[in-house]
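# A look at the structure
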Amino acid sequence: MFTKRKWAKKEADFVADGDEEEAGLEGGGDGLRGSSHSSPVVKSSRGRCRHRGQKKGGDRSRSPHSPASRTGGAKQEFLRRSTRVPRPPQCLTEKDVSMEGDSAEENGAVSEGETIPSHSPDMNSRGGPSGGHSRSHCSHRGGTFRSHLPPSLTSRAWRTEEDPDVAPPKLKFIPRRTPGIQAPLNIGTHTPLDIFSCFFDAEVLSLLCSSTNKRAFRHLERGTKYQWMDITPEELKKFIGLLLYMGVMNLPKMTDYWRKQTIFEVPFPATVMPRDRFKSILSFFCISDSAEDVHNDLARGTEDYDLLHHVQPLFDMLRTRCMAVYHPRQHISVHERMVATKARLSLKQYMRDRAIKWGLKFFVLADNNGYTVDYQLYTGKSKSQGSVNGLSFDVVSSLVNKDYLGSGYIVYCDKFYTSPQLFRHLGQQGFGACGTYRQGRIGVPTSPENALTKRSPRGSIRWLRDGDLLFVKWMDTKEVSMCTNVHSVFTGETVLRWTKKADGTCEQVPIPRPTAVGEYNRYMGGVDTSDQLLKTNTAHRKMRRWYITVFQHMLDIAVTNSFIISKELSTIRGERPPTRQDFQEKLTSQLLGVALKTQPKGPASNHLPVPTSYGQSKSQRASLGRRQCVLCRRCTPWQCEECDMGLCMQLDRNCFRMYHTTNFVN
């Protein structure tokens, strides 16, 4: 136990070491003894000493010219100085570590630092186990960090496009299956319903019907008063067809599709399913087994609790069917996708720079044409805390599966995922990789020699090779940093950019562009294309239950993938491919079992010919029972009941038909 006198002696040691602040304590007293800055000391109203110029309401334990004025402040000052760790200029800090939580084992070429033990008050301020650092290690209080990058990346000068480069060997593309549409859709002609049924087949429909009926039965057991009839797969098809119909005919509320006696009336949905039946199915719609939901809810707060239990059955079934029906081509991309929701849910994520800021975050593997090959729903940090390599590494390595894809694929990703460790891992698996990277990533070059600056001319290229990885920097409107293991630096590709001439006019001039930048722009947009197609006539609507939102997204994925397959089949047959809306309209009509195109309606049932003498006595029918025809102006005993107009109905002339076919108002 340190006494006040011992703490004063420890602080005196700090002064003897030549620290910036020199101060001492007087025995066990509370007053200031002295300072290297000879600022006068005045007596405060409460008897405490303070420096002239120090505010009365300021820190009473420390002043701007002296250390702690009390014993407790000296103790805190000693602990603060003793735990201070000097940092070498090129050591990585916590800010250098990427936001995905890349671990200390990310780059094998970087030596691992020493873990700093916990500090204690009796440790010396300098030269102790936590006071200094080794030349080959970078220590940080409370953890382990790597030190300097390999000498090849810190001391070598950046090269330009004029310097020779050794191109990497070309990848051998060996897919597990023939890329494209798989059997049975690659043979014969298929309707939109046939393609969609490969995703929502009999097994999926049976699962949804069974889960929905069980949930409704549980509510009946609780004493809920309502009428319920078990839903069948055929009725479920009509329910899904109405959801797609609402995606094309978008109205503010679902009940608006069953409005009556208004100019905004939509008569078709009522002919398919009554409003109350549709709302009843939607209210009891369920994906998982209700009995298993109860057991899972009891495990809330434990490791056995499954956050995705409510959607896992459909999630896995549709994911398997997306990979079975179609095999991607060589260029694939990995990116995140947001599904909008503001439900009170731990799965909900916030992304500031996205159009959809709040929602469910999906990690998606997509082909270049927009086909969703595989996906994962992000469940939060708790699921990835035990990861050794970080979230971004685990996401890409799990989506890019060699057992399913084969080898020779080129994966494109953005700076959230790109890291030297990930690209080396993909290279060992037989995959190529290309993407933008962050400057603070561990393992990327940091050499300032011959690097790009803000004043570098547009089109300037700098590059370095580190084994099989190529780091390229290109100056466009701003600096672009790329990492790749399959491309060469520059193959003569140029791009046009506007520049201002001396006379003030603008002209387009060609500037060089690295090969990796052009390939990245060409093949990175797979997930973005998929997102654009998903938002076209989407079935997504605001719901209280989050698993209904996931079901709507799964439905959009199935419809979008079916459209892409139908588009490729039309191209193979030499036909004009349908648009996204045309395909969904045909699919909706086939799910509902009605014809897409119908004949225009004739006269309504209330436009009927009736005698003009209707309602008059028999004696007055001959004189008062005739009216003048509005077309031929002749007397006629017939009139239209709805229009209340005299119209002839003779063998040689039919004014009634002529009037209602040319001047008909429904």
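Residues numbered from 1 in each chain as written. Predicted model: local features only at pLDDT ≥ 70, side-chain atom pairs only at ≥ 80, totals over all residues. Heavy atoms only, no water.

## Details of the overall build of the chain
If you tally the helices and strands in the chain, you get 19 helices and 25 strands. Once local pairs closer than 6 in sequence are excluded, the contacts in the chain between residues at least 24 apart make up 64%. (Helix = DSSP H or I, 4+ residues; strand = E, 2+ residues; numbered from the N terminus. Contact = heavy atoms within 4.5 Å.)

## Considerations on the pairing of strand 15 (residues 410–413)
By the alternation rule, side chains of strand 15 split into Ile 410 and Tyr 412 and Val 411 and Cys 413, which are all buried. Bridge count between strand 10 (residues 331–340) and strand 15: three bridges; the pairing is parallel. The residue of strand 15 that forms the bridge with Ile 332 is Val 411. Sheet analysis places strand 15 next to strand 16 (residues 432–436), joined by four bridges and oriented parallel. The partner of Tyr 412 across the bridge, within strand 16, is Cys 434. Handedness of the β-α-β unit built from strand 15, helix 13 (residues 420–428) and strand 16 comes out right-handed. (Buried < 20%, exposed > 50% of the residue type's maximum accessible area, 1.4 Å probe, protein only. Pairing = 2+ DSSP bridges. Right-handed = clockwise from strand over helix to strand, strands pointing away.)

## Concerning the nonpolar core
If you look at the biggest cluster of nonpolar residues, it comprises 110 residues, and the most contacted ones within it are Phe 200 and Phe 278. It is helix 16 (residues 546–572) that provides the largest number of residues to this core, a total of 14 residues. Setting aside anything within four residues of it in sequence, one finds Phe 200 in contact with Leu 205, Leu 208, Ile 240, Leu 318, Phe 551, Met 554, Leu 555 and Ala 558. Counting 18 residues, the second largest nonpolar core, distinct from the first, contains Ile 461, Trp 474, Val 495 and Ala 516. (Core = buried A, V, L, I, M, F, W, Y, C linked by side-chain atoms within 4.5 Å.)

## Some points on helix 9 (residues 290–298)
All of the buried residues along helix 9 are Ser 290, Asp 293 and Asn 296. Projected down its long axis, helix 9 carries its buried residues within an arc of 110 degrees, all on one side. When the buried face of helix 9 is taken as reference, the exposed residues oriented beyond 90 degrees from it are His 295 and Leu 298. Contacts made by the buried residues of helix 9 are with helix 5 (202–221). Measuring from the side-chain oxygen of the N-cap residue of helix 9 to the backbone nitrogen of Ala 291 gives 3.2 Å; that N-cap residue is Asp 289. (Arc of directions from axis to C-beta. Polar contact = N/O pair within 3.5 Å; in protein donor to acceptor, adjacent residues only side chain to side chain.)

## Observations regarding the packing of aromatic side chains
Taken as a whole and assessed by the stated rule, the structure comprises 21 aromatic pairs. Plain terms: the ring middles of Phe 196 and Phe 200 are 5.2 Å apart, the flat faces sit at 5 degrees to each other, and that makes the pair stacked. The class for Phe 196 is buried, based on a relative accessible area of 2%. Accessibility expressed as a relative area gives 3% for Phe 200, which makes it buried. (Phe/Tyr/Trp six-rings, centres within 6.5 Å; stacked < 30°, edge-to-face > 60°.)

## Details of the packing of helix 6 (residues 233–248) against helix 17 (residues 580–592)
Look at helix 6 against helix 17: their axes get within 8 Å of each other, and the N-to-C directions meet at 150 degrees. The angle between the axes of helix 6 and helix 17 places the two elements in the roughly antiparallel class. Helix-helix and strand crossings are classified by hand; for helix 6 and helix 17 the assignment is left-handed. Facing Lys 237, Lys 238, Ile 240, Gly 241, Leu 242, Leu 244, Tyr 245, Gly 247 and Val 248 of helix 6, the residues of helix 17 in contact are Gln 581, Gln 584, Glu 585, Leu 587, Thr 588, Leu 591 and Leu 592. For the contact of helix 6 with helix 17, the residue count by class is eight nonpolar, five polar and three charged. (Axes fitted to C-alpha atoms, helices over the stretch in contact; angles between N-to-C directions. Parallel < 35°, antiparallel > 145°, perpendicular 65-115°, else oblique. Left-handed = near helix turned anticlockwise from the far one by under 90°. Nonpolar A, V, L, I, M, F, W, Y, C, P; charged D, E, K, R; others polar.)

## Focus on the side chain of Ser 481
Along the chain, the position of Ser 481 falls in strand 19 (residues 479–484). Judged by its relative accessible area of 11%, Ser 481 falls in the buried class. Those residues in contact with Ser 481 that lie beyond four places of it in its chain are Gly 435, Thr 436, Tyr 437, Gln 439, Val 472 and Lys 473.

## So, the state of the cysteines
For the coordinates displayed, the defined rule picks out zero disulfides. Left without a disulfide partner, Cys 434 is nearest to the cysteine sulfur of Cys 413, which lies 8.1 Å away. (Disulfide = S-S within 2.5 Å.)

## Quick word on unusual backbone geometry
With omega at 5 degrees, the peptide bond leading from Ala 183 into Pro 184 counts as cis. When you line up the elements, Pro 184 lands in the loop between strand 8 (180–181) and helix 4 (192–196). Even without being a glycine, Gln 261 presents a positive backbone phi close to 55 degrees. Relative to the assigned elements, Gln 261 resides in the loop between helix 6 and helix 7 (268–272).

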